[in-house]
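# Reading the structure
Listed here are the chains, written in short residue letters.
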Amino acid sequence: MKYAVVFTQGEKNSDYQVSVPDLPGCAISAKTIDIGMEEVTKAIKSHLAILAEYGEKVPNAKGLDSHRKNYILENPHTFSQAFWAIISIDITPYLGKSHKINVTLPELLIAQIDDKVSKSSDYKTRSGFIASACFAELEK
């Protein structure tokens, strides 16, 4: 899952405030951008672990354009001072126990899936690709 994060910096405080719009309450403060990227990644994983512990659904990430448009509307005077990044998180550990299922797919579709998986770092396995496709379809 690719979560958008927004970096802002207060006038009085030189620290960056980093928040994850898709995960309300998931935010950190950091002295540098590099530290902010590391710490917000840890914060996202911790947030997702807590959701999983309580049996809550992992929120799907919205697109960066959507978040930027909302941010501009909510912060018209400071939006130009904010900048965005994308944090890619493997959400598999937060989805619960895996179960093996038998799925029947056409041979050519399987070949296309395998080709896509082999050429993309976004998917580690065929199952991961299929799970991502399912998430996208369920989000509709």
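Right above here is the structure, for reference.
Since the model is a prediction, treat every value here as computed from it, not as a measurement.

### Considerations on the overall build of the protein chain
Secondary structure summary: the protein chain contains four helices and four strands in total. If you list the helices and strands of the protein chain from N to C, you get β-β-β-α-α-β-α-α. In terms of overall dimensions, the protein chain has a C-alpha envelope of 60 × 30 × 25 Å along the principal axes. In the protein chain, buried positions account for 26% of the 140 residues. Long-range contacts, defined as pairs at least 24 residues apart, comprise 51% of the intrachain contacts of the protein chain with a sequence gap of at least 6. Within the structure as shown, the protein chain displays about 10,000 Å² of accessible surface, and the carbon and sulfur contribution to it stands at 54%.

### Thoughts on the sheet that holds strand E1 (residues 2-9)
The strand order E3-E2-E1-E4 describes an open sheet built from four strands, whose pairing is antiparallel. A single partner strand is all that each edge strand has here, and the edge strands are strand E3 (27-30) and strand E4 (83-88). Each adjacent strand pair in this sheet contributes to an overall mean axis angle of 25 degrees, direction not counted. Sheet topology note: the E1/E4 ladder contains six bridges and is antiparallel. Each residue of the ladder has a partner; that of Tyr-3, found in E4, is Ile-87. Relative to the sheet, helix H2 (residues 64-74) contacts E1 and E4, its axis offset from that of E4 by approximately 145 degrees.

### Focus: the side chain of His-67
As for its placement among the helices and strands, His-67 is situated in helix H2. In contact with His-67, other than residues within four places in its own chain, are Ala-4, Pro-21, Asp-22, Lys-62 and Trp-84.

What counts, and at which threshold
- Residues numbered from 1 in each chain as written.
- Predicted model: local features only at pLDDT ≥ 70, side-chain atom pairs only at ≥ 80, totals over all residues.
- Heavy atoms only, no water.
- Helix = DSSP H or I, 4+ residues; strand = E, 2+ residues; numbered from the N terminus.
- Buried < 20%, exposed > 50% of the residue type's maximum accessible area, 1.4 Å probe, protein only.
- Contact = heavy atoms within 4.5 Å.
- Areas by Shrake-Rupley, 256 points an atom, 1.4 Å probe, with all protein chains shown as cover.
- Pairing = 2+ DSSP bridges.
- Axes fitted to C-alpha atoms, helices over the stretch in contact; angles between N-to-C directions.

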